[in-house]
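Fold and geometry: a report
Each chain, letter by letter, is given below.
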Amino acid sequence: MGLGGAVPTVGPARAGVVRKSQEPHLLRVAAAALRPPLDLVIDTNVVLDWLAFRHPVGAPLEEALTWGQCRWLCTRAMRDELAHVVARESLGCWAVDADAVLAAFDALGVDVDTPPLLCAAERLRCSDPDDQHFVDLAIAQRVHALLTRDRAVLRLASRARGFGVLIATPEVWLRRR
């Protein structure tokens, strides 16, 4: 006794003493540890919103990745694209820390090989060729979700559901998660 309303914790998530008000969070963490992580593909604009501009949707996304509830699948080409975008002079007025953005990408992203070209029956053609590699990876890996704000990609959402892939904005994904 003598813990003043606190209970000892068990497991690797936290060692020591936890207040009862923290128990629901710990139960969610424990439950998440029992489920396999949800695979995500995250397009460049969502990554910029989250890591460069600190959009509020980034906090729950980062938490899900950090706690292992989700895995961010990416390719070298996606990292190269992000590096190119954060180096643009047009972002200079926002004082984007390109090194920090790329460090977060490297720390949280799971680099997978570029998928082989999908057969015609599986290929969803994006009207924006710059976004095709996000769509191809999402379909090839049968990820849980492709997070995007790009209209050309979002237009593929209904067809992607046939492959078990949700294409959605981060806000919609968070509500459905």
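So, here is what we can say about the structure in this document. Sequence order as written defines the numbering, with residues in each chain counted from 1. Residues qualify for local features only when their pLDDT is at least 70, as the model is predicted, and side-chain atom pairs are given and counted only at 80 or more; totals for whole chains, interfaces and linings, by contrast, use all residues. The side-chain numbers reported here are obtained from all heavy atoms of the structure, hydrogens and water having been left aside.

With that settled, the discussion passes to helix α4 (residues 76–86). Buried means the residue's accessible area, taken with a 1.4 Å probe over protein chains only, is under 20% of the maximum for its type, while exposed means over 50%, and partly exposed covers the values in between. Counting from the N terminus, the helices are the DSSP runs of H or I reaching at least four residues and the strands are the DSSP runs of E reaching at least two. Of all the positions in α4, only Met78, Arg79, Leu82, Val85 and Val86 are classed as buried. With its buried residues spanning 125° around the axis, α4 presents them on a single face. Here the buried face of α4 lies against β3 (38–42), α2 (44–52), β4 (70–74), α5 (98–108) and α6 (132–141). An arc is given here, and it is the one of the directions from the helix axis to the C-beta atoms. Whether two residues are in contact is decided by their heavy atoms: any pair within 4.5 Å suffices.

Most of β3 is tucked away, with four of its five residues classed as buried. Alignment of β3 against β4, held across three bridges, turns out to be parallel. In the sheet register, Leu38 faces β4, and the bridge partner there is Cys70. A strand pair is defined by DSSP finding two or more bridges across the two strands. Inspection of the sheet shows β3 paired to strand β6 (residues 145–147) by three bridges, in the parallel sense. Paired with Val41 across the two strands is Leu146, which belongs to β6.

Extensive coverage of β4 is indicated by the burial of four of its five residues. As paired elements, β4 and strand β5 (residues 109–111) share three bridges and run parallel to each other. Counted as the bridge partner of Trp72 is Gly109 from β5.

Bringing the packing of aromatic side chains into the picture now. Geometry of aromatic contacts follows a simple scheme: Phe, Tyr and Trp rings, the Trp one being its six-membered ring, pair when their centres are within 6.5 Å, and the pair is stacked under 30 degrees between planes, edge-to-face over 60, tilted otherwise. What the rule picks out here adds up to two aromatic pairs. For the ring pair Trp50 and Trp72, a centre distance of 5.3 Å and an interplane angle of 55° mean the geometry is tilted. Pair noted here: Trp50 is in helix α2 and Trp72 is in strand β4, with a separation of 22 residues, a long-range link. According to the relative accessible area criterion, Trp72 is buried, its value standing at 0%. Ring geometry for Trp72 versus Phe105: centroids 4.8 Å apart, planes at 70°, classification edge-to-face.

Our next topic: the pattern of salt bridges. When a carboxyl oxygen of Asp or Glu is within 4 Å of a side-chain nitrogen of Lys or Arg, the pair counts as a salt bridge. Using the criterion set out here, one finds seven salt bridges in the structure. With its nearest N and O atoms 3.8 Å apart, the salt bridge here joins Arg54 to Glu62. By relative accessible area, which is 29% here, Glu62 ends up partly exposed. Each of Asp49, Arg149 and Glu171 takes part in a single network of salt bridges with overlapping partners.

So, about the sheet that holds β6. Read across the sheet, five strands follow the order β5-β4-β3-β6-β7 without closing on themselves; strand pairing throughout is parallel. Of all the strands in the sheet, the pair left with one neighbour each is β5 and β7 (166–168). Ignoring strand direction, the axes of neighbouring strands in this sheet form an average angle of 35°. Packing of α6 onto the sheet brings it into contact with β3, β4 and β6, and relative to β3 it is tilted by some 165°. To get an axis, fit a line to the C-alpha atoms, keeping to the stretch in contact for a helix; angles then go from 0 to 180 degrees between the N-to-C directions.

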